[in-house]
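Listed below, chain by chain, are the residues.
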Amino acid sequence: NRREPWKLVKESKEDAATVFYAAAQLVKCLGVLLQPFTPYSASRIFEMLGLGRASLDWGEASKELPAGSRIAEPQPLFRKILDEELEVFRVRMAH
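Computed from a predicted model, the values in this text were never measured in an experiment.

Conventions adopted
Residues numbered from 1 in each chain as written. Predicted model: local features only at pLDDT ≥ 70, side-chain atom pairs only at ≥ 80, totals over all residues. Heavy atoms only, no water. Helix = DSSP H or I, 4+ residues; strand = E, 2+ residues; numbered from the N terminus. Buried < 20%, exposed > 50% of the residue type's maximum accessible area, 1.4 Å probe, protein only. Contact = heavy atoms within 4.5 Å.

(A) Spatial organisation of the overall build of the chain. The helix and strand tally for the chain stands at four helices and zero strands. Seen in sequence order, the chain has helices and strands lined up from the N terminus as α-α-α-α. By its C-alpha atoms, the chain is 55 × 35 × 20 Å across when sized along the principal axes. A buried classification covers 22% of the 95 residues belonging to the chain.

(B) Structural detail: the environment of Pro5. Inspection of the secondary structure assignment puts Pro5 in helix α1 (residues 5-11). Pro5 sits twelve residues away from Ala17 along the chain, and the two C-alpha atoms are 8.6 Å apart. Excluding its chain neighbours within four sequence positions, the residues that come into contact with Pro5 are Ala16, Val19 and Phe20.

Structural data, given as structure tokens:
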């Protein structure tokens, strides 16, 4: 947020590209870390990053994304839990 890439893209496309690349690289690393716990969601992350639905091992986390990679339209990984659903869960857990 400090770099404000939405503003930076108007001032310097090259600097904005660096910020977006670093963010995409971080998302890829998070996908690798999440993979053992949420394999489907990790796979969706990799797909949005243009890496296909392949499973990546720990060693892949630090490998750089190919320069010029195209990122797909982002989609939510998880749906929002509605207040009503949360209340049902609380009632069930209280018993």
